[in-house]
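Coordinate analysis (summary)
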Amino acid sequence: MEQIKHWIAENPTIYGIIKYVFLVAFVLVIMQLVRRILRKQVTDTAARYKSQKGIEIIGYIILVFLSFSYFTGNIKDFTLVIGLFSAGIAFTLQELILSIAGSLYIFIVKVYKPGDRIEINGIKGDVIDVDSIYTTMMEIGQWVSNDNYSGRIVKLSNAFVFKGPIYNYSQDFPFIWDEFNLPMKYESDIELAKSIIIKIASKTLSEYTSNSKSQWKDVVNKYYIEDAIVDPTLAIALTDNWVQFNLRYIVDYRKRRSVKHILYDEIYKEIQKTDGSVILASNTLELIKIPEIDVNIKQNI
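Residues numbered from 1 in each chain as written. Predicted model: local features only at pLDDT ≥ 70, side-chain atom pairs only at ≥ 80, totals over all residues. Heavy atoms only, no water.

1. Some thoughts on the nonpolar core
Within the largest apolar cluster, 29 residues are counted, with the highest numbers of intra-cluster contacts made by Met-184, Tyr-249 and Leu-263. Taken together, the elements giving at least two residues each to this core come down to strand E6 (175-184), helix H6 (190-204), helix H7 (206-222), strand E8 (243-252) and helix H8 (256-272). Broken down by element, this core gets its largest block of residues, six residues, from E8. When neighbours within four sequence positions are excluded, Leu-263 is seen to be in contact with Phe-180, Ile-200, Ala-201, Thr-204, Leu-205, Leu-247 and Tyr-249. Formed by 12 residues, the second largest nonpolar core is a distinct cluster that contains Ile-106, Val-154, Leu-156 and Val-161. (Core = buried A, V, L, I, M, F, W, Y, C linked by side-chain atoms within 4.5 Å. Buried < 20%, exposed > 50% of the residue type's maximum accessible area, 1.4 Å probe, protein only. Helix = DSSP H or I, 4+ residues; strand = E, 2+ residues; numbered from the N terminus. Contact = heavy atoms within 4.5 Å.)

Written out as structure tokens, the structure is:
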């Protein structure tokens, strides 16, 4: 025991560092234990996730506080040390500071949360985790068409919330507007074609339309935004080649591709039942026969 005290007296700096390391390790262990208990006790997924993130943030704040108070030795100097420390590392750790600030901003302002579909910094995907530095996303799009998962998991710095727009597909209003065009020949029965498309759209999209109306009212009341039509609408345009039908409708952001497939399939089946009264158009190329040319060449002998 005397040897240990003697070694501590001769090496106060090393002892201080070891003591600080043990202190930090103790706090980290407590954090992990509390998170493990919450993981077992809290059954609700959202509440469990938020509580674990809250413990993580509180733990980091405690570590910063203990670090300053430990090395200064006087809690009264805490404000001064914070100022000096911030000035010293603001430039070298700018990205890290922005990331931590971004995580607090995301958590407090609720820019997005796990489960939301967002697009940020040109990357689109579903948010699967938000920690103190990174936002983790399951990517959609890229080489995969429409809104399908590409299979890549993307980690994005939280600092990007301050650097550009964030597109949220699901916050407040989990529906989006989609549309597609159907070309019809001029010889078609236009009124019959209109009735077929509107009937199928109204039937297929009835659930999304009814669910979106009440939620859209909440959005209008919350934000300075004009009211919009959520029922399926059909617009017609005359082109050089065909009559173009444009169907616009509202759909759950997660079911955009599958709903479009159902609409195409049902409309095509109904058109086939019209026995040629309604005909889909397509680009065609007509070759005109070149007239015969009789050429007589006189030769002078």
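2. Details of the sheet that holds E8
What the three strands build is an open sheet, ordered E6-E8-E7; its pairing is antiparallel. Lying at the two open borders of the sheet, with one neighbouring strand each, are E6 and strand E7 (233-238). For this sheet the average axis-to-axis angle between neighbouring strands, irrespective of direction, equals 20°. Here E6 runs beside E8; their pairing, made up of 10 bridges, is antiparallel. Bridge pairing links Asp-178 to Tyr-249 in E8. The sheet strands contacting H6 are E6, E7 and E8, and the helix crosses E8 at an angle near 10°. (Pairing = 2+ DSSP bridges. Axes fitted to C-alpha atoms, helices over the stretch in contact; angles between N-to-C directions.)

3. Quick word on the sheet that holds strand E1 (residues 117-120)
The five strands lie next to each other as E4-E3-E2-E1-E5, forming an open sheet whose pairing is antiparallel. In this open sheet, the two edge strands, each paired with only one partner strand, are strand E4 (149-157) and strand E5 (166-168). Across this sheet, the average inter-strand angle for adjacent strands is 35°, counted without regard to direction. Sheet analysis places strand E2 (residues 123-130) next to strand E3 (residues 134-140), joined by five bridges and oriented antiparallel. In the sheet register, Val-127 faces E3, and the bridge partner there is Met-137.

4. Examining the pairing of E2
With four bridges joining them, E1 and E2 adopt antiparallel strand pairing. Note on E2: the bridge partner recorded for Glu-119 is Lys-124. Between E1 and E2, which pair antiparallel and follow one another directly, the connecting turn spans two residues, one of which, Asn-121, has a positive phi of 55°. Counting the residues between successive antiparallel strands, the hairpin from E2 to E3 contains three residues.

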